[in-house]
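# Architecture and fold: a report
Letter by letter, the chains look like this.
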Amino acid sequence: MQDVIVVFNSGSSSLKFTVFRSDDGHAGQRVLKGEIEQSPQGAKFVAKDHAGTIVAQENWSETGLDIYDHLFRWFGGFSSQTRVVAVGHRIVHGGSEFLKPVLITVEVLEKLDQLTPFDPLHQQATLAPAKAIAGKRPDIQQVACFDTTFHSTIPTMARLLPLPRRYAERGVKRYGFHGISYSYISGRLAEIDPALARGRTIIAHLGSGASLCALKDGKSIETTMGFSALDGLMMGTRCGAIDPGALLYMVQEEKADWQGLVNTLYHHSGLLGVSGVSSDMRVLRDTLAQGSQPEQAEHIAQALQLFVYRIIQEIGALTAVMGGLDGIVFTAGIGEHDAVLRREVCQALAWAGVKLDDTANAQHAAVISAPESSITLRVEPTDEELEIYKNVVEIIG
């Protein structure tokens, strides 16, 4: 019987999972990957083996927590010689209490539920698999890993919000997110570039959600996301940092309520909002290259330029906080695959001694800085699932 560990990475409407063998320590040999996309009508399920071959593609009528019953039944039928011994979860918010991965208990779930007001859109979505498994398979050990944990080293001045003190007492402060990704990249840097890992480095996690993290000696000292995952950089559909006066305008002039603000700020802003076309960088670049109406082309170009501009702004701020900069690491979907964006960001940072190797950048090489560059530039794939798996192994032994 092969023992395995399942890692869940849950979003608001989709659930990704990866199955690892549990007998090879931290190596993290993948057995299976899958995704479930949910809608009011049911769920679409796709699973692939370690070679990327599709082994299942089904439509399920189940919704909500019932999909986990179906998932475990399917998994049991697919591999009767496999036993799930533990499950790891990406949980968005750990608050001030959970500063490292923990074994999930009823008490832990209750405390994490209480953090829902800090992120009402994502906290419950990431807790849903843990709750379902706790109710239906209490024999399986579960581990919670938090997007906020890595930023527990941020100093007090970087945490405080300039609001009346009562808000800080209620936990309204800056936490930072994408911490599982940053933790993985920090660990990788220690392996592949120890000198940079000890230095002043900015990790650029650029995907549909985007943020930057300033590292000193491998520890987070500042990040662009704050109290919520809305803060900081412009993203695929999220606005990033915005003048609160704009929100007051929406409330006063448009009579926007809570749900209206959520829809605008989380789902209709960012690249999608400015371009009016798509939240996907690839779609925007293809549409621009294929030719479009002048007004649409202008809006797309502005969206792409604003995305880069905000990255440059925030890199400047983080560099000032660290007192200098030794390296930048690009990661996540856009960071790893968009050579044009990397070139534009690096060209704008020439004042800081950044010099890009254009050939290496076009080839998405691991190191894309020119030999004469005073700043090391790297491209490194992130692996949140593997980071969660390693934490599970540590906790369950």
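Here the residue numbering is sequential within each chain, running from 1 through the sequence in written order. The predicted origin of the model limits local features to residues at a pLDDT of at least 70 and limits the giving and counting of side-chain atom pairs to 80 or more, whereas totals for whole chains, interfaces and linings rest on all residues. Side-chain calculation: all heavy atoms of the structure are included, whereas hydrogens and water are not.

What follows covers the overall build of the chain. Labels follow the DSSP assignment, with helices taken as runs of H or I lasting at least four residues and strands as runs of E lasting at least two, numbered in each case from the N terminus. Each helix and strand counted, the chain has 16 helices and 13 strands in total. Seen through its C-alpha atoms, the chain measures out along the principal axes to roughly 60 × 55 × 50 Å. The buried share among the 397 residues of the chain stands at 49%. In this analysis, two residues are considered to be in contact whenever any of their non-hydrogen atoms come within 4.5 Å of each other. When contacts within the chain are restricted to residue pairs at least 6 apart in sequence, long-range pairs at least 24 apart make up 61% of them. Relative accessible area decides the class of each residue, using a 1.4 Å probe on protein chains only: under 20% of the type maximum gives buried, over 50% gives exposed, and in between gives partly exposed.

This brings us to the packing of aromatic side chains. Aromatic ring pairs are defined here through the distance separating the ring centres and the angle between the ring planes. Here a pair means two rings of Phe, Tyr or Trp (six-membered ring of Trp) with centres within 6.5 Å. Their orientation is stacked below 30 degrees between planes, edge-to-face above 60, and tilted elsewhere. One pass over the structure, following the stated rule, counts six aromatic pairs. Taking 5.9 Å as the distance between ring centres and 35° as the angle between the ring planes, the aromatic pair formed by Phe 118 and Tyr 175 counts as tilted. Residue Phe 118 is located in the loop between α2 (106-113) and α3 (123-136), and its partner Tyr 175 is located in the loop between α5 (165-169) and α6 (179-192); the two are separated by 57 residues in the primary sequence. Each member of the pair Phe 118 and Tyr 175 is classed as buried. One residue, Arg 170, lies across the ring of Tyr 167, its end atom 5.7 Å from the ring centre. By the criterion adopted, a ring carries a charge over it if an Arg CZ or a Lys NZ lies within 6 Å of its centre and within 35 degrees of its normal.

What follows deals with the environment of Glu 385. Within the fold, Glu 385 resides in helix α16 (residues 384-396). Take Glu 385: its relative accessible area is 16%, and that puts it in the buried class. Separated by 152 residues in sequence, Glu 385 and Leu 233 place their C-alpha atoms 24 Å apart. If we ignore the near neighbours within four places in the chain, the residues touching Glu 385 are Val 7, Asn 9, Thr 18, Phe 20 and Arg 30. Distance and chemistry together define a polar contact, namely a pair of N or O atoms within 3.5 Å, with one atom able to donate a hydrogen and the other to accept it when in protein, and with adjacent residues in sequence counting only for side-chain atoms on both sides. Of note is the side chain of Glu 385, whose polar atom sits 3.3 Å from the side chain of Asn 9.

With that settled, the discussion passes to the pairing of strand β9 (residues 200-206). Burial analysis of β9 places six of its seven residues in the buried class, which makes it a mostly covered element. Any two strands with at least two DSSP bridges between them are considered paired. Pairing between β9 and strand β10 (residues 210-216): seven bridges, direction antiparallel. Paired with His 205 across the strands is Ser 211, a residue of β10. Between the antiparallel neighbours β9 and β10 lie three residues. In terms of strand pairing, β9 meets strand β12 (residues 327-331) through five bridges, oriented parallel. Bridge pairing in β12 links Ile 203 to Val 329.

Moving on, we get to the environment of Pro 129. Along the chain, Pro 129 turns up in helix α3. Classification of Pro 129 as buried rests on a relative accessible area of 0%. Put simply, Pro 129 and Asp 119 are 10 residues apart on the chain and 17 Å apart in space, counted from C-alpha to C-alpha. When neighbours within four sequence positions are excluded, Pro 129 is seen to be in contact with Phe 8, Ser 10, Leu 15, Tyr 68, His 89 and Gln 142.

Joining through side-chain atoms within 4.5 Å is the link that ties buried Ala, Val, Leu, Ile, Met, Phe, Trp, Tyr and Cys residues into a set, and such a set is a nonpolar core. Of all hydrophobic cores here, the largest spans 41 residues; its most connected members are Leu 206, Ile 315 and Leu 341. Taken together, the elements giving at least two residues each to this core come down to β9, β10, α11 (281-290), α12 (294-322), β12, α14 (339-348) and β13 (376-379). Of all the elements, α12 adds the most residues to this core, at nine residues. Beyond its immediate sequence surroundings of up to four residues, Leu 206 is in contact with Leu 212, Leu 233, Ile 311, Phe 330, Thr 331, Ala 332, Gly 333, Ile 334, Gly 335 and Leu 341.

This paragraph deals with the side chain of Glu 380. Counting through the fold element by element, Glu 380 comes out in the loop between β13 and α16. Glu 380 sits in the buried class, given a relative accessible area of 9%. What Glu 380 contacts, discounting residues up to four positions off in sequence, is Ile 185, Arg 188, Ile 192, Val 329, Phe 330, Thr 331 and Glu 336.

What follows concerns the UniProt feature "active site" (unreviewed entry) in the chain. UniProt positions are given in the numbering used here, feature names are shortened, and annotations may be inferred rather than shown by experiment. Per the UniProt record, "active site" (unreviewed entry) is annotated on Asp 147. Look at Asp 147 and you get buried, because its relative accessible area is 2%. The contact partners of Asp 147, leaving out residues within four places of it in the chain, are Arg 90, Ile 91, Val 92, Gly 176, Phe 177, His 178, Gly 179 and Ile 180. Of the polar contacts made by the side chain of Asp 147, one reaches the side chain of Arg 90; its length is 2.8 Å.

As a further point, take the pattern of salt bridges. Each salt bridge in this description consists of a side-chain nitrogen of Lys or Arg and a carboxyl oxygen of Asp or Glu lying within 4 Å of one another. Enumeration over the complete set of coordinates arrives at 15 salt bridges. The salt bridge involving Glu 380 is made with Arg 188; its shortest N-O contact spans 3.0 Å. Taken as a pair, Glu 380 in the loop between β13 and α16 and Arg 188 in helix α6 lie far apart in primary sequence, 192 residues in all. Note that Arg 378 is salt-bridged to Asp 193, the shortest N-O span being 3.2 Å. Of this pair, Arg 378 sits in strand β13 while Asp 193 sits in the loop between α6 and α7 (194-197), placing them 185 residues apart in sequence. Judged on exposure class, the residue Arg 378 and its partner Asp 193 are both buried. Here the residues in one salt-bridge network are Glu 97, Glu 107 and Lys 111, joined through shared partners.

Either a parallel or an antiparallel arrangement is found when strands of a sheet pair, and the pairing is made through backbone hydrogen bonds. Spatial strand order, β11-β10-β9-β12-β13: five strands in an open sheet with mixed pairing. Lying at the two open borders of the sheet, with one neighbouring strand each, are β11 (219-223) and β13. Neighbour to neighbour, the strand axes of the sheet diverge by 25° on average, direction disregarded. Along the sheet, α12 makes contact with β9, β10, β11 and β12, crossing β10 at roughly 20°. To get an axis, fit a line to the C-alpha atoms, keeping to the stretch in contact for a helix; angles then go from 0 to 180 degrees between the N-to-C directions.

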